[in-house]
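Next come the chains, spelled out residue by residue.
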Amino acid sequence: MSLKAEELKGLEINHHVDGVGEVCPHTLNIALSALKKAKPGEVVVEETDHSIATKTIPAAVKMNKIAEVLGIVEENGLYKIYLRKL
Amino acid sequence: MEFFLIDMFIAAAIFGFLYGFLLQKADFCFVASVRDFVSVRDSRLGKGVLILIATAMMGWGISLTFGWSTIGEVWSVPIGFTNLVGGLLFGIGMTIAGSCASGALYRAGMGYVQFWIVIISMMIGNILFALVYDPWTANYVQQPLQLAESGFSLFQLNLPFLLLPILIVGVMILITIRQFGVKGFFNGFKEAAMDLKGNPLKRSHWDIRLVAFLLGVIATVQFIIMSSISITGPETRMVGVALSFIFGEEFIYNNTYLNQMFASFPSIGIGPEETLIIFIVLGAFVASLLSGSFRLRLPKKKRLPYAIGGGLLMGISSRLAPGCNIANVVSGVGGLSISSIIVVIGMAVGVFIATAYIFKMPLLLFQKMDFEDDIAS
């Protein structure tokens, strides 16, 4: 499922992960640890300025089957990756 | 060589710009190609590296077959355990730092302050190595660990130059077809070219398979008209130039290692290969500006030890191996050089060690996955 930017921004966020200034593999590790703490159905958002994380985090959570990728919002090199815990 | 022609500087600037532009467009990360594969089974970047190797191997084979370059120009260094140890330490260093030698350059152009720190730390590592090279490293590390005094490329075997590249790339294609089918194989070409539709310059991301192929072609052209692509050698010379301003040129001439780094230079200064490095950063800067992904990215303070420690380790080990990911993967493995094949194996093991034991990441590659159960049932 991939939601539009407006729909993503309207979602209730349960866990916010601050990944700004982080690079790999920390960007992925902090997302995974937040997802471990989250309850099924809850929305976890990682905010990051590490461009490659927009590829690695969705690939990792899909492979782990730990979360659904709801979508990514990009604004001037800052990305918000929306995930829903499965 | 007594002097460099201005044409070489212009060619180097163009090559550097194109490398930087393309690396940024695909977010081409050599660390992630191994780390993400063993950790989360993500093979996107790994496929890119394999396509880059395949293209370079074919490119080197074609240029030798047609006599556009000679076997003496293929980059190969003495074979020994230093290849393995240097590669291993470089692999650990780049995983800690968060990027390889080429990754640090393109990300520096994207505005990552962390990777400016990594590059400076790598350069300090280069100098630390040069300071202990004669007599310690040369006599007590490199010589005892050396197996052969000269390098060896499989292109030196008395075989048609294209035979081995065709065989190796043929096996790679067969494995791909076995996994994805003939249709899937050809669909890959179509998908890879999709990102060129519309205005590709504004697009923030290009398919890594397309970029890997283009990088391999450009590296081949560079090999034919200029030199084998490398990063950490030129970086060592750049810091050598800086030191010559501070301590005088005698400092460089009196240091065995730095002196030999400038052996083919008319004087101590910036040559074409160093120009190429600067233009990689510029190419990435322009690519990220065009797609709107440039941003001044400040690192978290607690991560600075990773940037500095990883960078220092990369700087020292890149001199020991010798060479970074780019020189060994493209010019080395592409040139079928035995030493580089050993270095690259060392790097992959190094990335694995850092992923598993320093970052303690999940290792899904070695776990039985649910979908395997599905297939089995």
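Residues numbered from 1 in each chain as written. Chains lettered and ligands numbered in written order. Predicted model: local features only at pLDDT ≥ 70, side-chain atom pairs only at ≥ 80, totals over all residues. Heavy atoms only, no water.

Residue and element names in this part refer to chain B. By the definition in use, this model includes two cavities of 30 Å³ or more. Of the pockets and cavities examined, the largest cavity occupies roughly 80 Å³. Every residue along the wall of the largest cavity is listed here: Tyr 19, Leu 23, Leu 52, Ser 102, Leu 215, Ala 219, Ile 229, Ile 231, Ile 280, Ile 326 and Val 330. Put simply, the parts of the chain that give the lining of the largest cavity at least two residues each are α1 (6-26), α8 (208-225) and α14 (325-334). Within the lining of the largest cavity, the residues separate by chemical class into 10 nonpolar, one polar and no charged. Its volume calculated, the second largest cavity comes out at about 40 Å³. (1 Å grid on protein atoms, 1.4 Å probe; cavity = no way out; pocket = protein on both sides within 12 Å on 5 of 7 lines; lining within 4 Å. Points joined across faces, edges and corners; volume = space filled by probe spheres on them. Helix = DSSP H or I, 4+ residues; strand = E, 2+ residues; numbered from the N terminus. Nonpolar A, V, L, I, M, F, W, Y, C, P; charged D, E, K, R; others polar.)

So, on to the sheet that holds strand β3 (residues 67-75) of chain A. Residue and element names in this part refer to chain A. The four strands are arranged β1-β2-β4-β3 in an open sheet whose pairing can be described as mixed. A strand with exactly one partner marks an edge of an open sheet, and here the two such strands are β1 (15-19) and β3. On average, adjacent strands in this sheet sit at an angle of 20° to one another, irrespective of strand direction. Two strands pair when backbone bridges link them, and strand β2 (residues 43-48) and strand β4 (residues 78-85) are joined in this way by six bridges, in the antiparallel orientation. Each bridged residue has a counterpart across the sheet, and for Val 45 the counterpart in β4 is Tyr 82. The sheet contacts of helix α2 (residues 26-37) involve β1, β2, β3 and β4, and relative to β2 the element is tilted by about 160°. (Pairing = 2+ DSSP bridges. Axes fitted to C-alpha atoms, helices over the stretch in contact; angles between N-to-C directions. Contact = heavy atoms within 4.5 Å.)

Okay, the packing of aromatic side chains next. Residues and elements named next belong to chain B. Following the criterion strictly, the structure yields 20 aromatic pairs over all chains and no others. With a centroid separation of 6.0 Å and 65° between ring planes, the pair formed by Phe 21 and Trp 206 is classed as edge-to-face. Taken together, the positions of Phe 21 in helix α1 and Trp 206 in the loop between α7 (163-193) and α8 put the pair 185 residues apart, joining distant regions of the chain. What makes Phe 21 buried here is its relative accessible area of 9%. By relative accessible area, which is 7% here, Trp 206 ends up buried. Through pairs of rings, three or more aromatic residues link up here, namely Phe 4, Phe 9, Phe 262 and Phe 265. (Phe/Tyr/Trp six-rings, centres within 6.5 Å; stacked < 30°, edge-to-face > 60°. Buried < 20%, exposed > 50% of the residue type's maximum accessible area, 1.4 Å probe, protein only.)

What follows concerns the side chain of B:Ser339. You can see B:Ser339 is positioned in helix α15 (residues 338-358). The class of B:Ser339 is buried, set by a relative accessible area of 0%.

Now for the pattern of salt bridges. Following the criterion strictly, the structure yields eight salt bridges over all chains and no others. With its nearest N and O atoms 2.6 Å apart, the salt bridge here joins A:Glu22 to B:Arg303. Placement of the pair is A:Glu22 in the loop between β1 and α2 and B:Arg303 in the loop between α12 (272-291) and α13 (304-320), with the two residues belonging to separate chains. Here A:Glu22 falls in the buried class, since its relative accessible area comes to 2%. Close ionic contact of B:Glu274 with B:Arg237 constitutes a salt bridge, the shortest N to O distance being 2.7 Å. In this pair, B:Glu274 sits in helix α12 while B:Arg237 sits in helix α9 (residues 232-247), placing the two residues 37 residues apart along the sequence. Exposure class is identical for B:Glu274 and B:Arg237. Each is buried. (Salt bridge = Lys/Arg side-chain N within 4 Å of Asp/Glu carboxyl O.)

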